[in-house]
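Below are the chains, spelled out letter by letter.
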Amino acid sequence: MINVGVVGAAGRMGRNIIASIEDTEGVALGGGTEAAGHPELGRDLGELAGLAKMNVVLTDDVTALAEACDVIIDFTLPAVSMHTLKAVVAKNKAVVFGTTGFSAEQKREIEQAAQTIRCVLAPNMSIGVNVLFKVAGEVARALGDAYDVEIVEAHHKFKKDAPSGTAVRVSEIIAEALQRNLNEVGVYGRKGFSEGRGEKEIGVHTLRAGDIIGEHRVMFGGMGETLEISHRAQSRQTFARGSVRAAEWVAGQPPGLYDMQDVLGLKE
Ligand code: NAD
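On a predicted model such as this, the values are computed, not experimentally measured, just so you know. (Residues numbered from 1 in each chain as written. Predicted model: local features only at pLDDT ≥ 70, side-chain atom pairs only at ≥ 80, totals over all residues. Heavy atoms only, no water.)

**Thoughts on the UniProt feature "binding site: (S)-2,3,4,5-tetrahydrodipicolinate" (unreviewed entry) in the protein**
Listed under "binding site: (S)-2,3,4,5-tetrahydrodipicolinate" (unreviewed entry) in the UniProt record, and renumbered for this structure, are His156, Gly165 and Thr166. Locating His156 in the fold gives a position in the loop between β7 (148–155) and α7 (165–177). On the accessibility criterion, His156 (8% relative accessible area) is buried. In this structure His156 touches Arg12, Arg208, Ala209, Gly210, Asp211, Ile212, Ile213 and Arg236, once residues within four positions along its chain are discounted. Residue placement: Gly165 occurs in helix α7. (UniProt positions renumbered as here; feature names shortened; annotations may be inferred. Helix = DSSP H or I, 4+ residues; strand = E, 2+ residues; numbered from the N terminus. Buried < 20%, exposed > 50% of the residue type's maximum accessible area, 1.4 Å probe, protein only. Contact = heavy atoms within 4.5 Å.)

**Comments concerning the sheet that holds strand β9 (residues 202–208)**
The strand order across the open sheet formed by five strands is β8-β9-β7-β10-β11, and the pairing between neighbours is mixed. In this open sheet, the two strands that pair with only one neighbour each are β8 (186–188) and β11 (226–232). Here the strands of the sheet are splayed against their neighbours by 15° on average, with no regard to which way each runs. Inspection of the sheet shows β7 paired to strand β10 (residues 215–221) by seven bridges, in the antiparallel sense. Residue pairing for β10: Val149 is matched across the bridge by Phe220. Lying on the sheet, helix α6 (residues 127–143) is in contact with β10 and β11; it crosses β11 at an angle near 170°. Each of β7, β9 and β10 touches α7; the most contacted strand, β7, lies at about 165° to it. (Pairing = 2+ DSSP bridges. Axes fitted to C-alpha atoms, helices over the stretch in contact; angles between N-to-C directions.)

**What to know about the packing of helix α4 (residues 78–91) against helix α5 (residues 104–113)**
Where α4 contacts α5, the axes come no closer than 11 Å and their chain directions differ by 15°. With respect to α5, the element α4 is oriented roughly parallel. Judged by the sense of rotation from one axis to the other, the crossing of α4 with α5 is left-handed. Judged by residue contacts, Pro78, Ala79, Met82, Leu85 and Val89 of α4 engage Gln106, Glu109, Ile110 and Ala113 from α5. (Parallel < 35°, antiparallel > 145°, perpendicular 65-115°, else oblique. Left-handed = near helix turned anticlockwise from the far one by under 90°.)

**Structural notes on the nonpolar core**
In terms of nonpolar packing, the biggest core is built from 38 residues, with Ile17, Ile18, Ile21, Leu45, Ile73 and Val96 touching the most fellow members. Breaking this core down by element, the ones donating at least two residues are β1 (2–7), α1 (12–23), β2 (27–33), α2 (45–48), β4 (71–74), β5 (94–97), α9 (237–250) and α10 (260–264). Those residues in contact with Leu45 that sit more than four places away from it in its chain are Ala9, Ile18, Leu29, Gly31, Gly32, Met54, Val56, Val57 and Leu58. Counting residues in hydrophobic clusters, the runner-up holds 23 residues, among them Val129, Val170, Ile173 and Ile229. (Core = buried A, V, L, I, M, F, W, Y, C linked by side-chain atoms within 4.5 Å.)

**Brief notes about the site of the ligand**
Neighbouring the ligand are 23 residues, the closest being Arg12, Glu34, Thr100, Met125 and Lys159. Within the backbone of Thr76, an N or O atom sits 3.3 Å from an oxygen atom of the ligand. Contact between the ligand and Pro123: a nitrogen atom at 3.1 Å from a main-chain N or O atom of the residue. Broken down by class, the residue content of the shell around the ligand amounts to 10 nonpolar, nine polar and four charged. (Near = heavy atom within 4 Å. Polar contact = N/O pair within 3.5 Å; in protein donor to acceptor, adjacent residues only side chain to side chain. Nonpolar A, V, L, I, M, F, W, Y, C, P; charged D, E, K, R; others polar.)

**As for the UniProt feature "domain: Dihydrodipicolinate reductase C-terminal" (unreviewed entry) in the protein**
Under the local residue numbering, the UniProt record ascribes the feature "domain: Dihydrodipicolinate reductase C-terminal" (unreviewed entry) to residues 128–264. For the annotated span residues 128–264, helix accounts for 38% and strand for 26% of the residues, and the straight-line distance between the end C-alpha atoms is 11 Å.

**Details of the pattern of salt bridges**
Charged atoms that come close allow side chains of opposite charge to pair. Applying the stated rule across the entire model yields 16 salt bridges. Residue Arg197 is joined to Glu150 by a salt bridge in which the shortest nitrogen-to-oxygen separation is 2.6 Å. With Arg197 in the loop between β8 and β9 and Glu150 in strand β7, this pair connects stretches of sequence that are 47 residues apart. The exposure class of Glu150 is buried, given its relative accessible area of 12%. (Salt bridge = Lys/Arg side-chain N within 4 Å of Asp/Glu carboxyl O.)

This is the structure in structure tokens:
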């Protein structure tokens, strides 16, 4: 039995992850944390997730959580995840990060920690998006520079980071496939007059509205035709199930930094 702890357990993803753990054989809920002062502290985690009582309560102690669990799943905020990382390193456990919006410096810190601990870091845990990641680079290479790349993402109005971690990752994959430097060719929204589109631009555009769970569209526009790859998440369960699958998988791996392509066996 793998004991899994959830950081950010009362969040949109946290509650779905608790339900996914409850649904998965061979995995047990070892605990859950929230920010100090959170109104739900002390509440039963099963009830918090809209399920039957689990007799495990919400706390604010991530060190005790890391002590009690084999793997921690954390979908919160970059600063919170960096704090989780310290607890996981101190207790020599494994961690799955679904949080998005890490800075380059924070990513380096995670990379460094993963020399001693097992860590999965993935901006999107759905199978469909990870297949999209796999094919987007191939499509970009096959079409080449004559096709303009534009990425459009839409999420709910509460999302804090923009563009989405998924849009960032797909733009990195395409830039690499086309041998472009994303810092030079990435264009984030447009307004006003210009000489027209720069030949090698990779456009990334963010929409925020209502309760949209997550939509991504990658457009390759040529003269006379457009090829699009798109993904729409209809439920957060797709990410939650992916994170529990990642937790089960990483528990059996040697120390290292992995992504969902590793978990799903999508790497050549
Ligand atoms: P949310 O705001 O609903 O949940 C985050 C939770 O973290 C909140 O309940 C908040 O109170 C809690 N939190 C804040 N400080 C904390 C602390 N010190 N200790 C413990 N918990 C703390 O947000 P969400 O929609 O669940 O998304 C969370 C993150 O997951 C975002 O970065 C989002 O982009 C990302 N996300 C990733 C995927 C994926 O597949 N990788 C999918 C969906 C969302």
